[in-house]
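Residue-level structural notes
Now for the letters of each chain:
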Amino acid sequence: MGVIDVSKPDVLAVAKLHPFYQKALELLYTVHDRTHVTDPAAFAALAPRIVGVAGTGEASVPRSLLAQLPNAKVVAVFGVGYDGVDVPAAIEHGIPVTHTPDVLTDDVADLAMGLVLSVGRAIPQADQFVRAGQWPSGPMALGRKVSGARLGIVGLGRIGKAIAQRARAFGMSIAYTARSEKPDSGFQFYPSAAELAANVDFLVAITPGGAGTKHLINAEVLKALGPRGFLINVARGSVVDEEALIMALQNGTIAGAGLDVFANEPHVPEALWSLRNVVLTPHMASATTETRQAMANLAFANMQAGIAGQALRSPVPECANMTARSC
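Residues numbered from 1 in each chain as written. Predicted model: local features only at pLDDT ≥ 70, side-chain atom pairs only at ≥ 80, totals over all residues. Heavy atoms only, no water.

Our next topic: the packing of aromatic side chains. One pass over the full model with this rule turns up 3 aromatic pairs. Ring geometry for Tyr-21 against Phe-78: centres 5.8 Å apart, planes inclined by 15°, an arrangement best described as stacked. One end of the pair, Tyr-21, is in helix 1 (residues 19-28); the other, Phe-78, is in strand 4 (residues 75-78), and 57 residues separate them in sequence. Take Phe-78: its relative accessible area is 7%, and that puts it in the buried class. For the pair Tyr-176 and Phe-189, a centre-to-centre distance of 5.3 Å together with 55° between the ring planes defines the contact as tilted. Highlighted residues: Tyr-176 in strand 7 (residues 173-177) and Phe-189 in strand 8 (residues 188-189), separated in sequence by 13 residues. The same class applies to Tyr-176 as to Phe-189, namely buried. (Phe/Tyr/Trp six-rings, centres within 6.5 Å; stacked < 30°, edge-to-face > 60°. Helix = DSSP H or I, 4+ residues; strand = E, 2+ residues; numbered from the N terminus. Buried < 20%, exposed > 50% of the residue type's maximum accessible area, 1.4 Å probe, protein only.)

Before going further, it helps to spend a moment on helix 13 (residues 289-308). Along its 20 residues, helix 13 runs 28 Å from first to last C-alpha, staying within 8% of the 28 Å computed at 1.5 Å per residue. Once helix 13 ends, the next one or two residues include Gly-309, with phi positive near 75°. (Expected span 1.5 Å × (residues − 1).)

For the rest of this paragraph, the subject is the sheet that holds strand 2 (residues 30-33). Sheets are built from strands that pair by backbone hydrogen bonding, the pairs being arranged parallel or antiparallel. The strand order 2-1-3-4-5 describes an open sheet built from 5 strands, whose pairing is parallel. Each edge of the open sheet carries a strand with a single partner, namely strand 2 and strand 5 (97-98). Examined bridge by bridge, strand 1 (residues 10-13) and strand 3 (residues 50-56) share 4 bridges and lie parallel to one another. Residue pairing across strands places Ala-13 opposite Ala-54, the latter belonging to strand 3. Packed onto the sheet, helix 13 meets strand 1, strand 3, strand 4 and strand 5 and runs at close to 180° relative to strand 4. (Pairing = 2+ DSSP bridges. Contact = heavy atoms within 4.5 Å. Axes fitted to C-alpha atoms, helices over the stretch in contact; angles between N-to-C directions.)

Moving on to helix 11 (residues 242-251). Those residues of helix 11 that fall on the buried side of the exposure criterion are Glu-242, Ala-244, Leu-245, Ile-246, Ala-248 and Leu-249. In this structure, the buried side of helix 11 is in contact with helix 10 (219-225), strand 10 (230-233), strand 11 (256-259), helix 12 (270-273) and strand 12 (278-280). Between the side-chain oxygen of the N-cap and the backbone nitrogen of Glu-243 there are 3.3 Å, and the N-cap of helix 11 in question is Asp-241. At the exit of helix 11 stands Gly-252, carrying a positive phi of roughly 80°. (Polar contact = N/O pair within 3.5 Å; in protein donor to acceptor, adjacent residues only side chain to side chain.)

This is the structure we're talking about:
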């Protein structure tokens, strides 16, 4: 165990941080890595000194933890999603929550379209087909044309709009569902995911996670998508009823799926690995060097601003009017 620099303010990391974020924090702060889990006794003594909480999009920051941090001034999340943070509790304690939107929009939209192409044209399966020496025995089965197909987007926020922009370049028609209609989008709106699914070929989920969207994509939606439809999930694993999805893939209710997120990451059901009509990626939508560095820079800037009581760079919407200990 290294020597703790008592001259640096104390920050609690509630999850394993990306090295870019970890390194930036360590320049100015003493970072305590999940001490609340690994050594509760030590944490009880440490907690009053914690001035900032560093997390990831998958991290848990419950009310019970926030209640132990009387001097915390900010929760700085490295990621867009923050459904593991009890935001109402944070607001009650006067602790604003920040995240890292915008900087990862392009990468997530790129991967969403990559998964559309991958499942439609069976690109990973084609790679395996060639590597296994199967080509001399005859051609692969035909794929699904992507250009000109109908794309449905579940959640037309920043990333949803970026996906739509890319899909337009493929000549795709675009429709969406969201909590409210966005008349200025120029796209067809459907009031429910099931109605949207019934009218598209590729259904892309990019809605926030949390209790409000849990299993939004369920058996009914998958049935509506139909045997020639494909599901793409670059949102949260919780958005899709994974058991219903596996059943739909096994029995041909839908044609296939491209999945970057799962219900119990990093554990992916073996039933999904074994299916030929699925493309799986390890929650890597924003995983480029450029974007991870930009996320680290923004999360670090939020941490600095929060601890200093300055204007936050990117608070979550619920905390848009807060500064550290301002309310």
